[in-house]
Amino acid sequence: MYKRLIAIFFCFTSISSYAQNASTIVPGNNTLKDTANQVDIIDLVRDIFPVKNKKERKQEDKRVYFSFLPIGANVPGGSGRALVTSTTAGIYLGPRSTTNISSANFAPYLNFKGRFGLPLRTSIWLPNNEWTIQGDTRFLVYPQYTWGLGSANGYQDRVMVDYKYIRFYQSVLKQIKPYVFAGLGYNLDYRVGIRSDDPAIDLPTFTNYERGTSGNSFSSGLSVNLLYDTRNNSINPLPGAYANIIYRFNPTFLGSQNNWQSVYIDVRKYLSLNPAKPNQQNTLAFWSYFWKALSRNTPYLDLPSTGWDPGNRSARGIDQNRYRGRTLFYLESEYRRDITANGLLGFVLFTNINTLSGSGTLFKSWHPAAGSGLRIKFNKATNTNIGIDYGFSQGYRSVMFSLGEAF
């Protein structure tokens, strides 16, 4: 019972705090984008429904931004069609010339069959970027397919796993030099009622993994975080780089059922192919991460898995949770280009690949996916796009909607 009280306390503490999700403009790369010749959906609406005595949009004086998108889509992991909404809010908590824009992303979903999710991802940038607070809070009734460890099972050889999930991640980082931050975090993962949807299937036997495959799973731990970020806007990054290292350790004295540790290393690079025209999107983006469970006591659903990176944005074109193992290595590249000169429409081409240890050896078996997408400028002030992506891999196809870029 005390574990539930701890989880609920931390989650309500996070929601009641004023927090936002990563959209950054860093000192030294913080020239405000000239949007005079740009067009977004807000402009189109104002043209279609003219407002009497409407004022010109002056982005340089604005401190708060909102983007909202209601959509119908497939929820990852096999939970069917759902109503999904995505709201992104941004605010400057300090001078725009020296402070990143703080933002929050709230994307609840409901599939009208008792399955729902309330995820809130946040990031606060305090004045002059002296401190940053990163957060991820979720209440989920979240069934998803699992294929066991490794990649030996075919796509149809799967089991639906049902459980309720509370997540509370919060980290506080101090700037130690320009673009470099270091700090500590707290991470809680609480899964309740883990079971197979088919009573005839024993989940520990199917996965050949005992820990965290039945009943409840509680992981409570601390993390050491090191962050390097020169991007000017993580919602839609222009040229820059990003690196994040997270070492997590989960001792039993903090409530974890077992002692276990993990390491997550995330590296991204953005290259402009037309630096003479910074207002036109023509960018190559690269993303790679390495995720390893350092202990055999790691609960099954805490093991590295495709689509379960911190932002749940990786492995487009591959079913979430399709590949799970003790170690996961991931690569993705994407080409981003404007279609119209005013920036209203654009497109992306992407490909990704992963390899993991589980039923085999790391780097022995590779799992590729690819796809393309349309971009519609939703808010030119924050460079927020509506993304409509189509991705595919062996045995799987999907259409994905988003506010902001995948990485």
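Note that the structure is a prediction, hence the values are computed from the model and not measured. (Residues numbered from 1 in each chain as written. Predicted model: local features only at pLDDT ≥ 70, side-chain atom pairs only at ≥ 80, totals over all residues. Heavy atoms only, no water.)

Undergrad: Can you break down the pairing of strand β17 (residues 384-393) residue by residue, with the values?
TA: Within β17, seven of the 10 residues are buried, leaving the element largely enclosed by the surrounding structure. The hairpin formed by strand β16 (residues 367-379) and β17 contains four residues between the paired strands, and N383 there has a positive phi angle of roughly 60°. Sheet topology note: the β17/strand β18 (residues 396-403) ladder contains eight bridges and is antiparallel. Bridged to F392 within β18 is R397. (Buried < 20%, exposed > 50% of the residue type's maximum accessible area, 1.4 Å probe, protein only. Helix = DSSP H or I, 4+ residues; strand = E, 2+ residues; numbered from the N terminus. Pairing = 2+ DSSP bridges.)

Undergrad: Hey, could you go over the pattern of salt bridges for me, with residue numbers and the actual values?
TA: Under the criterion given, the structure shown has 16 salt bridges. In this structure, R231 engages D229 in a salt bridge whose closest nitrogen and oxygen atoms are separated by 3.0 Å. Note on R231: relative accessible area 4%, which makes it buried. Salt bridges linked by common partners bring R316, E332, E334, R336, R375, D389 and E405 together as one network. (Salt bridge = Lys/Arg side-chain N within 4 Å of Asp/Glu carboxyl O.)

Undergrad: An account of a nonpolar patch on the surface is needed here, citing residue identities and associated values.
TA: Residues I176, L226, I245, I265 and V267 make up a contiguous nonpolar surface patch of about 400 Å² in total accessible area. Along the polypeptide, V267 turns up in strand β12 (residues 260-272). A relative accessible area of 44% means that V267 is categorised as partly exposed. (Patch = residues over 30% accessible without salt bridge, like charges linked within 9 Å, V, L, I, M, F, W, Y side chains within 5 Å. Areas by Shrake-Rupley, 256 points an atom, 1.4 Å probe, with all protein chains shown as cover.)

Undergrad: Can you lay out empty space enclosed by the protein for me, pointing to particular residues and giving the numbers?
TA: The tally for this structure, following the rule as stated, stands at three cavities of 30 Å³ or more. Lining the largest cavity are 14 residues, with Q281, D338, G346, R375 and N385 sitting closest to its centre. When residues of the lining of the largest cavity are traced back to their parent elements, those giving at least two are β14 (327-338), β15 (345-357) and β16. When residues in the lining of the largest cavity are grouped by element, the largest group, four residues, is from β15. (1 Å grid on protein atoms, 1.4 Å probe; cavity = no way out; pocket = protein on both sides within 12 Å on 5 of 7 lines; lining within 4 Å. Points joined across faces, edges and corners; volume = space filled by probe spheres on them.)

From the geometry alone we can't say anything about function, so treat these as descriptive.
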